[in-house]
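Notes for the structure review
If you want the building blocks of each chain, they are given just below.
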Amino acid sequence: MTAPQDKLLDPAAFTGRIHLDGQWVEGAGGTLDSIEPATGEVLATVGLAGPADVTRAAESAERAQQEWAALPHPQRAAVLRRAGQLWEQHAEEVIGWNVREVGSIPPFAGFAVHVTAEECFEAAALPSHPLGQVLASAEPRLSYAQRVPVGVVGVISPFNVPLILGIRAVAPALALGNAVLLKPDPRTVVTGGITMVRIFEEAGLPAGLLQLLPGGADIGTAMVEDPRVRVIAFTGSTRAGRSVGESAGRHLKRAHLELGGNSAFIVRPDADVEPAVNLATWGNYLNQGQICMSIGRHIVHESLFDEYVTKLAAKAESMVVGNPATGQVHLGPVIDATQRDRIHAWVQEAVEQGAGLAAGGTYEDLFYRPTVLANPDRDATIFREEVFGPVVSVIPYATDSEAASLAADTPYGLSLGIVTADALAGLELAQRIPTGIVHINDQTVNDEATAPFGGVRTSGTGSRHGGAEASIEAFTETRWITLRREPPQYPL
Ligand code: NAD
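Residues numbered from 1 in each chain as written. Predicted model: local features only at pLDDT ≥ 70, side-chain atom pairs only at ≥ 80, totals over all residues. Heavy atoms only, no water.

A word on the packing of aromatic side chains
For the record, the criterion: A pair of aromatic rings is counted whenever rings of Phe, Tyr or Trp (Trp by its six-membered ring) have centres within 6.5 Å, and the orientation is called stacked for planes under 30 degrees apart, edge-to-face for over 60 and tilted otherwise. Comment: elements are numbered from the N terminus, with helices defined as DSSP H or I runs of at least four residues and strands as E runs of at least two. Partly exposed describes any residue whose relative accessible area lies between the buried limit of under 20% and the exposed limit of over 50%, with all areas from a 1.4 Å probe on protein chains only and scaled to the type maximum.
With the rule as written, the count across this model stands at four aromatic pairs. An angle of 25° between the planes, with centres 6.3 Å apart, marks the rings of Phe-108 and Phe-111 as stacked. Separated by three residues within a single helix, Phe-108 and Phe-111 lie in helix H5 (residues 106-123), roughly one turn from each other. Taking relative accessible area as the criterion, Phe-108 reaches 8% and is therefore assigned buried. A ring pair is formed by Phe-159 and Phe-388, whose centres lie 5.9 Å apart and whose planes are at 90°; its orientation type is edge-to-face.

What about the environment of Thr-444?
We apply this condition: Pairing of N or O atoms within 3.5 Å defines a polar contact, subject to two protein rules: one partner must be a possible hydrogen donor and the other a possible acceptor, and residues neighboring in sequence count only if both atoms are side-chain atoms.
Tracing the backbone shows Thr-444 in the loop between strand S20 (437-440) and helix H16 (468-475). Its relative accessible area of 0% is what places Thr-444 among the buried residues. It is 6.4 Å that separates the C-alpha atoms of Thr-444 and Ser-294, two residues lying 150 residues apart in sequence. At 2.5 Å, the side chain of Thr-444 and the backbone oxygen of Met-293 are in polar contact.

Some remarks on the pattern of salt bridges
So the rule is basically this: Salt bridge, as used here, is a side-chain nitrogen of Lys or Arg placed within 4 Å of a carboxyl oxygen of Asp or Glu.
Applying the stated rule across the entire model yields 19 salt bridges. When the shortest N-O distance is used, the salt bridge between Arg-198 and Glu-201 registers 2.7 Å. In this pair, Arg-198 and Glu-201 both sit in helix H7 (residues 189-203), three residues apart, roughly one turn of the helix. One salt bridge in this structure joins Glu-274 and Lys-311, with 3.4 Å as the shortest N-O distance. Within this pair, whereas Glu-274 is found in helix H10 (residues 273-285), its partner Lys-311 is found in helix H11 (residues 305-318), the two being separated by 37 residues in sequence. The structure contains a network of salt bridges with shared partners spanning Glu-36, Glu-41 and Arg-100.

Quick notes on H7
Stated formally: The span one expects for a helix is its residue count, reduced by one, times 1.5 Å. What we call the bend at a residue is the angle made by axes fitted to the seven residues finishing there and the seven residues starting there.
Along its 15 residues, H7 runs 20 Å from first to last C-alpha, staying within 8% of the 21 Å computed at 1.5 Å per residue. Its maximal kink placed at Thr-195, H7 deviates by approximately 25°. By the criterion of burial, H7 is predominantly enclosed, with 14 of the 15 residues buried. Looking one or two residues beyond H7, the residue adopting positive phi is Gly-204, at roughly 95°.

Let's talk about the site of the ligand
Condition: What makes a residue near a molecule or strand is one non-hydrogen atom of that residue sitting within 4 Å of it. Using a 1.4 Å probe, accessible areas were evaluated by the Shrake-Rupley method; residue-level cover was limited to the displayed protein chains.
The ligand sits among 32 residues. The nearest are Ser-157, Lys-183, Ser-237, Leu-259 and Glu-386. Between Ser-243 and the ligand, the recorded distance is 3.4 Å, taken from a side-chain N or O atom to a nitrogen atom. Between the ligand and the protein, one listed contact pairs a nitrogen atom with a backbone N or O atom of Leu-259 at 2.7 Å. Notes on the ligand: free accessible area 840 Å², of which the protein chains cover 91%.

Considering the sheet that holds strand S17 (residues 371-374)
Where we set the bar: Between any two strands, at least two bridges found by DSSP are needed for them to pair. Helix axes are fitted to C-alpha atoms over the stretch in contact, other axes to C-alpha atoms as well, and angles between N-to-C directions run from 0 to 180 degrees. Note on definitions: a residue-residue contact is assigned when non-hydrogen atoms from the two residues lie within 4.5 Å.
Reading across the sheet, the seven strands line up as S14-S17-S18-S13-S12-S19-S20 and stay open at both edges, with mixed pairing between neighbours. If you trace the sheet from one side to the other, it starts and ends with strand S14 (356-359) and S20, each paired once. Put simply, the sheet's adjacent strands are angled 20° from each other on average, direction ignored. Its contacts with the sheet place H11 against strand S12 (263-267), strand S13 (295-301), S14, S17 and strand S18 (391-397), and it is angled at close to 170° to S18.

Some thoughts on the nonpolar core
Under the convention used in this document: The nonpolar core is taken to be a set of buried Ala, Val, Leu, Ile, Met, Phe, Trp, Tyr and Cys residues, with the residues joined through side-chain atoms within 4.5 Å. Delimitation of the domains relies on an automatic or database domain assignment.
One finds Trp-87, Phe-200 and Leu-213 to be the most contacted residues of the largest nonpolar core, which totals 97 residues. Ranked by residue count, the leading element in this core is helix H6 (residues 162-175), at ten residues. If you count residues domain by domain, this core takes at least three from each of domain 1 (11-259 + 460-480) and domain 2 (263-440). Ignoring anything within four residues of it in the chain, the contact list for Trp-87 reads Val-94, Val-113, Thr-116, Ala-117, Cys-120, Leu-163, Ile-167, Thr-195, Met-196 and Ile-199.

A closer look at the domain arrangement of the chain
What counts, and what does not: Buried area is a sum: the accessible area each of two parts loses on coming together, probed at 1.4 Å, counted once for each and added.
Taken as a whole, the chain is organised into domain 1 (11-259 + 460-480) and domain 2 (263-440). Counting from both sides, the interface comprises 20 residues of domain 1 and, opposite them, 23 residues of domain 2. Note on domain 1 versus domain 2: buried area summed over both sides is about 1,600 Å², and carbon and sulfur give 64% of it. Counting every contact that joins domain 1 to domain 2 gives one salt bridge. Put simply, Arg-187 and Asp-336 hold a salt bridge, and the shortest N to O gap is 2.9 Å.

Describing the pairing of S18
Along S18, six of the seven residues are buried, which leaves the element largely enclosed by surrounding structure. Note: S13 against S18, five bridges, orientation parallel. Within the sheet, the bridge partner assigned to Ile-299 lies in S18 and is Ile-395. As judged from the four bridges shared by S17 and S18, these two strands associate in the parallel manner. Paired with Leu-373 across the two strands is Ser-393, which belongs to S18.

Thoughts on the side chain of Asp-447
So the rule is basically this: Only four residue types enter the tally: Lys and Arg on the positive side, Asp and Glu on the negative side, with His and both chain ends excluded.
The topology assignment puts Asp-447 in the loop between S20 and H16. Buried charged residue Asp-447 carries no salt bridge. Nearest counter-charge: Arg-168, at 5.4 Å. Apart from the residues lying within four places of it in its own chain, the contact partners of Asp-447 are Phe-111, Val-115, Ile-164 and Phe-453.

So this is what it looks like as structure tokens:
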């Protein structure tokens with residue numbers, strides 16, 4: 001291991017480069033400017049991979065993986081532990097990039113670095129975790145099932161929380177003896193890719209085990225199609241995830257898909273409005289609503305509806321939106337003009353169809369005001385689709401049965417929040433709603449490295465991240481092994 005440097009990222013080393021087999025080299029895909037959404041400034045110029053780079057990376061990853069998997073487990077664990085410490089040591093610098101490149105506010109970027117370090121510490125326990133079972137056998141032999149690394153894992157991550165959504169697959173996959181090819185979103189390559197590679201370089205990870213292939217859908221597709229990449233861990237939209245899943249199926253490999261959401265937040269009649277609005281504000285607007293678990297639909301008992309909309313709107317109006325790198329703000333910019341224009345078109349459509357605009361609905365540059373829509377048409381796009389911006393819909397309900405059917409009336413199933421004075425009634429209600437995650441008396445946005453995370457229906461293929469069981473299931477194969485003292489005599 002080299003001695004940790006004071007500064008993690010040196011633009012002179014990574015400008016215009018990708019990371020292949022332990023080297024920073026020019027990629028076949030050219031270069032791309034990383035733009036700060038708050039100002040439009042160029043923050044860095046990153047390298048882009050071409051499909052031929054994916055082939056080179058997969059070849060060298062396959063070679064490196066075999067030696068890595070054969071190392072004594074304490075050596076693999078030590079790399080993961082050092083990586084966790086290095087995230088903490090370089091937190092300030094990484095937060096700085098996350099704030100500028102993604103537009104996150106500093107406390108949220110700080111939380112992301114904290115979870116990222118925790119993911120490494122949790123993963124450090126995986127190399128020494130029991131990895132098999134002795135099986136009953138009717139024959140005189142030792143029969144056992146052993147978990148073995150899959151080989152090369154492809155990780156495809158989105159722009160919105162690039163650290164957590166990359167490391168939650170990178171760390172356990174490496175810990176369990178695999179090599180990883182990482183493809184972050186092209187808009188957030190520094191935060192989602194370069195920091196990750198630099199941390200593991202400093203942690204002493206041998207060359208070839210974590211390679212960086214920034215690029216768009218073509219590079220993701222090349223990773224899915226490469227026969228050496230045996231498992232894909234994809235986090236992103238349902239649209240892209242469907243295409244990854246289809247291609248993975250054609251190539252007979254596993255794809256763990258963590259996709260979009262339109263999560264419901266139910267406020268029962270026995271709830272206090274003030275604390276419910278406090279929870280909702282976090283669940284709605286953290287990271288400008290650009291979180292897969294963000295609340296999309298508030299389903300509020302009719303007895304509380306007017307008071308709830310008024311208080312939520314007042315809260316939204318009081319929030320400060322601006323450049324998170326230079327001022328104390330609650331919300332930063334959305335990622336780009338395409339996202340902003342889509343959000344705004346859907347808000348306008350909902351208002352034209354009769355929704356009440358209780359707060360927001362306006363923007364300046366990429367700064368979209370926190371928005372509350374009261375009682376939109378149930379067929380409005382903004383109500384039915386994932387917004388991925390700081391806009392929420394609030395609708396009333398009369399009975400628990402109606403709340404359950406409204407909450408379930410979506411193709412998604414990621415997270416659910418229920419606020420109630422009767423926690424057991426909340427749990428009963430939750431059991432009627434298809435979802436991967438439930439929080440009673442909390443909002444929908446929660447993440448812990450120890451908890452299984454994932455969605456059902458079009459939100460994904462279930463919990464593949466978080467905790468030893470999910471990680472072992474996701475990033476190993478099961479091999480059945482038998483062992484006899486003597487070969488048996490067969491009757492043929
Ligand atoms: P996106 O699907 O456009 O992109 C995600 C990643 O996939 C990027 O790296 C992108 O380059 C790549 N990609 C796009 N098309 C691809 C293809 N055909 N084949 C292979 N790779 C492809 O998503 P986005 O808009 O950047 O991110 C927001 C979405 O991600 C939202 O829908 C959000 O809910 C979802 N998300 C889900 C989770 C979760 O854990 N369930 C977490 C965060 C974000």
